[in-house]
Amino acid sequence: MADAKELEECSKIAQKVAREAGDIIIQGRRKGFSMSNKIGVDLVTEVDKACEDLIIGTLKQRFPAHKFIGEETAELVANPDGTLFLTEAPTWLIDPLDGTTNFVTGQNDVVVSIALVVKKEIVMGVIFNPFFQEMYSAVKGQGAYCNQEKISVGSESDLTKIVVMNNLGPGRGAEFIEKSTKRIECLLKKGIRGFRCGGSCAMNMCYVASNRLGLYYEVGYGGPWDAAAGKILIEEAGGVALDAPNNGPFRLMAGPGNVICGNAAVCAQVQSVLQESDKSNKKQPSLIPLCVGLGILACGMIALRR
């Protein structure tokens, strides 16, 4: 399956079920929902699960021979290099509700993301925001669209004229915090016009594809379902999606992944800034263990005085 007409039909079916899942999301916001923590501060709600059941159930009925990988139900298998193991069979990658924390806290950057991989290549993507009623879609070789209007990434390459988007995700370890804040500091010192944190990998990629943002990067987004549809959307909108901050090709990982996307020129510049930041961070010993150690020593001295 790689015929253009077949892929267009897959896109129409994906868009339909994405809208149906969007209705569940809207109703969930209105009526209330139960939720729990997955890992650390990362959340999951009953709405996530209901949307995934609907999407996979609908697609399985239509495509019984296909494979399905959903965020809430899949057990990922990794290749030796950590990338996602995929067979030659058509495989759907589904994030039923990307931006769960946004959803829970009443923010509207919340999307349904569905991608189709054929012969290990992403060939179709659909991303739907039910609150804004925006349907983003892309089929390989056919361009990128928002509500059936063609979209394209921006051409601006001057860092002082672009807004950069990032997600910090659920990581709260000392090393993650140091690296993340150092990267932001380095970008600000380069004079970028603005910096944002959005909370939805797929939505952020839509914003870049439609030239609402100049660039988006994230080191450690949740899983392959987060960025798969966005990757083909970006490319069909004339941009590039790469591995950040390693400057290699984008890779679907069997777990957290990295991405940077925008036009090629601005991605190259920001990659360089991120790499410089990581190098300088390695040269400087972390102050966090030192502060912790001094704190423990001080507590010990106080205890001795008592």
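Whatever comes next refers back to the structure up there.
Attention in this report is confined to the structure presented alongside it. All of these numbers come straight from a predicted model, not from anything done at the bench.

Criteria and thresholds
- Residues numbered from 1 in each chain as written.
- Predicted model: local features only at pLDDT ≥ 70, side-chain atom pairs only at ≥ 80, totals over all residues.
- Heavy atoms only, no water.
- Axes fitted to C-alpha atoms, helices over the stretch in contact; angles between N-to-C directions.
- Helix = DSSP H or I, 4+ residues; strand = E, 2+ residues; numbered from the N terminus.
- Parallel < 35°, antiparallel > 145°, perpendicular 65-115°, else oblique.
- Left-handed = near helix turned anticlockwise from the far one by under 90°.
- Contact = heavy atoms within 4.5 Å.
- Nonpolar A, V, L, I, M, F, W, Y, C, P; charged D, E, K, R; others polar.
- Pairing = 2+ DSSP bridges.
- Polar contact = N/O pair within 3.5 Å; in protein donor to acceptor, adjacent residues only side chain to side chain.
- Core = buried A, V, L, I, M, F, W, Y, C linked by side-chain atoms within 4.5 Å.
- Buried < 20%, exposed > 50% of the residue type's maximum accessible area, 1.4 Å probe, protein only.

A few points about the packing of helix H1 (residues 4-31) against helix H2 (residues 46-62)
Reasoning step 1: One can describe the packing of H1 onto H2 by two numbers: an axis separation of 9 Å at closest approach and a directional angle of 155 degrees. Put simply, H1 runs roughly antiparallel to H2. Between H1 and H2 lies a crossing whose hand is right-handed. Here Glu9, Ile13, Val17, Glu20, Ala21, Ile24, Ile25 and Gly28 of H1 lie close against H2, whose contacting residues are Val47, Ala50, Cys51, Leu54, Ile55, Thr58, Leu59 and Arg62.
Reasoning step 2: When its residues are assigned to classes, the contact of H1 with H2 shows 11 nonpolar, two polar and three charged.

Some points on the packing of helix H5 (residues 201-209) against helix H6 (residues 224-236)
Reasoning step 1: At their nearest, the axes of H5 and H6 sit 8 Å apart, and the two run at 10 degrees to each other. In this view, H5 runs roughly parallel relative to H6, as classed from their interaxial angle. The residues of H6 that touch H5, namely those facing Cys201, Ala202, Met205, Cys206, Val208 and Ala209, are Asp226, Ala227, Gly230, Lys231, Leu233 and Ile234.
Reasoning step 2: A class-by-class count of the residues in the contact of H5 with H6 yields nine nonpolar, one polar and two charged.

Re the sheet that holds strand E8 (residues 144-146)
Reasoning step 1: Reading across the sheet, the seven strands line up as E3-E4-E5-E6-E7-E8-E9 and stay open at both edges, with mixed pairing between neighbours. Strands at the two margins of the open sheet, each flanked by one partner only, are strand E3 (67-70) and strand E9 (149-151). Averaged over all pairs of adjacent strands, the angle between strand axes in this sheet comes to 20 degrees, irrespective of strand direction.
Reasoning step 2: Contacting strand E4 (91-98), strand E5 (111-118), strand E6 (121-129) and strand E7 (134-139), H1 runs over the sheet at an angle of about 30 degrees to E6.
Reasoning step 3: Each of E3, E4 and E5 touches H2; the most contacted strand, E4, lies at about 155 degrees to it.

Examining the environment of asparagine 167
Reasoning step 1: With respect to the secondary-structure elements, asparagine 167 resides in the loop between strand E10 (163-166) and helix H4 (174-189).
Reasoning step 2: Put simply, asparagine 167 and valine 219 are 52 residues apart on the chain and 8.2 Å apart in space, counted from C-alpha to C-alpha.
Reasoning step 3: For asparagine 167, the residues in contact, after removing those within four places along its chain, are Cys197, Gly198, Gly199, Ser200, Cys201, Asn204, Tyr216, Tyr217 and Glu218.
Reasoning step 4: Here glycine 198 takes part through its backbone nitrogen, which lies 3.3 Å from a polar atom of the side chain of asparagine 167.
Reasoning step 5: At 3.2 Å, the side chain of asparagine 167 forms a polar contact with the side chain of glutamate 218.

Here we look at the sheet that holds strand E14 (residues 257-262)
Reasoning step 1: Across the sheet, five strands lie side by side as E11-E10-E12-E14-E13; this open sheet has mixed pairing. At either margin of the open sheet sits one strand with a lone partner, and together these are strand E11 (194-197) and strand E13 (240-242). On average, adjacent strands in this sheet sit at an angle of 15 degrees to one another, irrespective of strand direction.
Reasoning step 2: Direction of pairing for E13 relative to E14: antiparallel, over a ladder of three bridges. In the strand pairing of E14, leucine 242 is matched with isoleucine 260.
Reasoning step 3: Sheet strands touched by H4: E10, E11 and strand E12 (215-221). Its angle to E12, the strand with the most contacts, is close to 170 degrees.
Reasoning step 4: Helix-sheet contacts for H5 involve E10, E12 and E14, and the interaxial angle to E12 is about 160 degrees.

Here's the deal with the nonpolar core
Reasoning step 1: Membership of the largest hydrophobic core comes to 40 residues, with the highest contact counts inside it found for Leu93, Ile127, Tyr136, Met205, Tyr216 and Leu233.
Reasoning step 2: Among the elements of the structure, E5, E6, E7, E8, H5, E12, H6 and E14 are those that each provide at least two residues to this core.
Reasoning step 3: Tallying contributions element by element places H5 first for this core, with eight residues.
Reasoning step 4: Not counting residues up to four positions away in its chain, the partners in contact with methionine 205 are Tyr216, Ala227, Gly230, Lys231, Leu233, Ile234, Val259 and Cys261.
Reasoning step 5: Among the nonpolar cores identified, the runner-up in size contains 30 residues, and Cys51, Val110, Met124 and Val139 belong to it.

Thoughts on the environment of phenylalanine 85
Reasoning step 1: Looking at the secondary structure, you find phenylalanine 85 in the loop between E3 and E4.
Reasoning step 2: In sequence terms phenylalanine 85 and methionine 253 are 168 residues apart; their C-alpha atoms lie 8.5 Å from each other.
Reasoning step 3: With sequence-adjacent residues up to four places away left out, phenylalanine 85 is seen in contact with Val77, Ala78 and Asn79.

Honestly, it's all geometry; don't read function into it.
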